[in-house]
Amino acid sequence: MIIKLDAQLVELLQAVLCSPKCPQQIQLLCAAILREMAPCDGLRLSCERIHDTKLLSLVSSVLLAQGEEKAEVSAVGQRIVKALEGRLPEGQSSRYLLPVLSNVISLSPEALTEEQTNVVSKKMADWLRYASTQQGVAQPSGGFFSNPRTRQPGPVTEVDGAIATDFFTVLSLGQHYTEDQWLNMQTFSMLRKWLLCYGDKKMNTPNSGDKSQTDRSVVSVVSTSSTSSRLLPPKERLREKAFEYCQRLIEQSNRQALKKADGDLQKACLIEAVAIMDIICKQDSSYVYRAASFLKILHGRISGDATYARALLPIAQFFLNHGEMAAVDSDAIYKHLFTDIPAQLFHNSSLAFEFVLFCRDNSQLLTETSSVFRQSFPNLFKFLAWNSPPLIAEFVDILPFLLDAGTAIEIFHLLLDLPCLTAALDVQMRSSSLPSSERAACDPAVKPAACLEAFRSPLYRSAFQYLLRVESVSEDFQERLIPLRQLLGSLASSPRVVQCADTVPVLLELFFSVVSEFADASLINQLVVLVLQRSDQLYEIPAFKDDVHRVLSSQLVMLCKLHPALIVELSKELLEFSGTVSNIQNKEPIFTHVVWAIGEYMSVSYDKRCTVEQINRFFETLEAVLFEVTQVRPQISVPNYAPRAITVLMAALTKLAARSQDLIPRVSLFLSKMRTFVQSPAVTSVYCEEDREEILTRATELMNLLKMPSVAQFVFTPSVDVARTRFQKEVNDTLPSALRIVTRLLEPAPGFVPG
């Protein structure tokens, strides 16, 4: 529900806000209420005739909160720039206006004209470079014991306590700050936004002309004197002063801070400084050479310190953007970033988000620039394994760039083992927190009973090392992971592991969607074999296994449609899988889709290599399975197999018989006995009436169709052109309408089926 302020109350709040006699705290409260309740009806505030900068800041904040109308934002921006441009009355300060200006350019960058941005750029350059290096004077409290003859302020200091010998920056410390020092800090805080909005992308200096890029770089290096700097246009001068400021910040970050808060500020300023240097180099490439050598040294200094991990991201971003122009080999920077950081700091959630965001925003560039990105995908997935589901959206964007013919198989295994990876990371974390006396390797002769013991045991060392690897490897370790999965099953109920497992189906579907765009016949065959193998080699979370089976089954059909010949090429593997009755209960979705694919694609229409002998071999295998499933033995309970599996088995047998018509009598006899099966007491106690009706109806339809072999052959063995159409959308759909038509022709009122 939207709450509106009474018009009279709005009027009173405005009057109090603008009253010159009103205490500042009350003015702040009135402005806050008007901002929170925006948009307010009956607002008549205007910033045009306000000369007090504090009040101008408060009124402007209220006006900007009313909405994003361009005219209103522009009016506020014009007034703020006008106030900054002119000479302020005694006692007034510009530092109350810069936050408002920052808000204006966020809402509407076009609110300021070119002339106005030049005015502000000139001011910002001076505030950045020429702030006082002396500390500010403490404001007298006005108390009885206050001393009007206060001590002269000393110079500002560095974070390590040394007296500052260079110009003031946000990392210069003092007990009190002067007006220009406050403006210096505020300017730096909005510098990146300002450069992005108003920084020119082309260098238009009087010295540019037809000179080469190298000549311009030399000009930029030598033009550092105050006189030459002041001759530059405002925006270019701001870039120069901003670059010098960032260099100074990076140098200051090398000092040992005396306080933790100052150390944290150093790191934050370092990140911002590198990001600003990157922007400056995008807008003026003559800075690239200086920045590249400077940042290369910086990387060498901080890369070994994990507390500076976040600062490595903007450094890598810089070399991604400018490494080629700077003629710098950046592979060592990327190698360290993608190898060491995820392995050591996967548990740092804020770093994980920034790291993954960096990968998402630069996926295309990383893929084109260096092979390290793709090779390091096992390391990247540690972030997701430990921090899912918050990172799932970013990984959905990243995964397509990690996939190619060389990585697809390994990534497929990794996705299926993602919950197992989470459990392994948990064990690694707990092991690293143990006292050193408890980290000794276990006796290799004793089989470990717990995860922590296994982590230190030589028996499981290679399996853990593979699961926790930092880059892609060609060796297949899947057989060695089977006992480790079983051992890590004790962590299957961990909330972190369960959350990770929930992300796998989404990524699996994306995986197959991407792979289908480039997979050749060989890769498709490998994936189908792996789907069959890995379907019973999954981490022991029941809901996870069900979801993975559901995804794998649907994607199996997609792979068969892409390459129908795989039914012939992988006949051995498919016969083994479809001939195992236990697969119906343990992985029914995959079994059902495999049987459907055999019935659909084991045809000369899809592969000229398909022979009658192969059709007969598949028929006999499926017939044996259906016989086992529908066999009713006295005094033995009937297993509750899914009705869908039974109907798909019947349909597949019928399709195969239509293509090898010597088999028609066998399948017709089998189908005719289905009424006896569904009416037996053992079956009626297991299957509901609806399921029994579904089985019987399908048997009737198929048997009637086989009474006309030529029609059956047309329906189930289409020509190549017809084979490209879809007779069935899903395996649990009914057969084509032709089948129903035949049934109605033969039995207008379906009833008794001969047994």
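Residues numbered from 1 in each chain as written. Predicted model: local features only at pLDDT ≥ 70, side-chain atom pairs only at ≥ 80, totals over all residues. Heavy atoms only, no water.

If you check an unreviewed UniProt entry, the chain appears there as Adaptor related protein complex 5 subunit zeta 1 from Gallus gallus.

Student: Please explain the overall build of the chain as it appears in this structure.
Tutor: Helix and strand counts for the chain stand at 40 helices and zero strands. With 755 residues in all, the chain has 51% of them scored as buried. Counting only contacts in the chain whose residues sit at least 6 apart along the sequence, the fraction spanning at least 24 positions is 74%. Carbon and sulfur atoms make up 54% of the accessible area of the chain, which totals about 35300 Å². (Helix = DSSP H or I, 4+ residues; strand = E, 2+ residues; numbered from the N terminus. Buried < 20%, exposed > 50% of the residue type's maximum accessible area, 1.4 Å probe, protein only. Contact = heavy atoms within 4.5 Å. Areas by Shrake-Rupley, 256 points an atom, 1.4 Å probe, with all protein chains shown as cover.)

Student: Just checking my understanding: could you explain a negative patch on the surface for this structure?
Tutor: Judged by side-chain charge, E689, E690, E693 and E694 come together as a negatively charged surface patch. With respect to the helices and strands, E689 occurs in helix α37 (residues 689-706). The exposure class of E689 is exposed, given its relative accessible area of 61%. (Patch = residues over 30% accessible without salt bridge, like charges linked within 9 Å, V, L, I, M, F, W, Y side chains within 5 Å. Salt bridge = Lys/Arg side-chain N within 4 Å of Asp/Glu carboxyl O. Lys, Arg positive; Asp, Glu negative; His and termini not counted. Charge placed at Lys NZ, Arg CZ, Asp CG, Glu CD.)

Student: How do you make sense of the side chain of E158 when you look at a structure like this?
Tutor: Within the secondary structure, E158 sits in the loop between α6 (114-129) and α7 (179-198). At 2.8 Å, the side chain of E158 forms a polar contact with the side chain of Q252. Residues within four places of E158 in sequence aside, it is in contact with A164, T165, L171, L173, R248, Q252 and R255. (Polar contact = N/O pair within 3.5 Å; in protein donor to acceptor, adjacent residues only side chain to side chain.)

Student: Got a minute to help me understand the side chain of E410 in this structure?
Tutor: As for its placement among the helices and strands, E410 is situated in helix α20 (residues 408-416). Excluding residues within four positions of it along the chain, E410 makes contact with F377, P378, Y466, R469, E471, S472 and V473.

Student: What is the right way to read the pattern of salt bridges from this model?
Tutor: For side chains of opposite charge, pairing can occur when their charged atoms come near one another. The tally for this structure, following the rule as stated, stands at 31 salt bridges. A salt bridge links R609 to E569; the nearest nitrogen and oxygen atoms lie 2.7 Å apart. In this pair, R609 sits in the loop between α31 (588-601) and α32 (612-630) while E569 sits in helix α28 (residues 566-569), placing the two residues 40 residues apart along the sequence. Linked by salt bridges that have partners in common, E158, D160, R248 and R255 make up one network.

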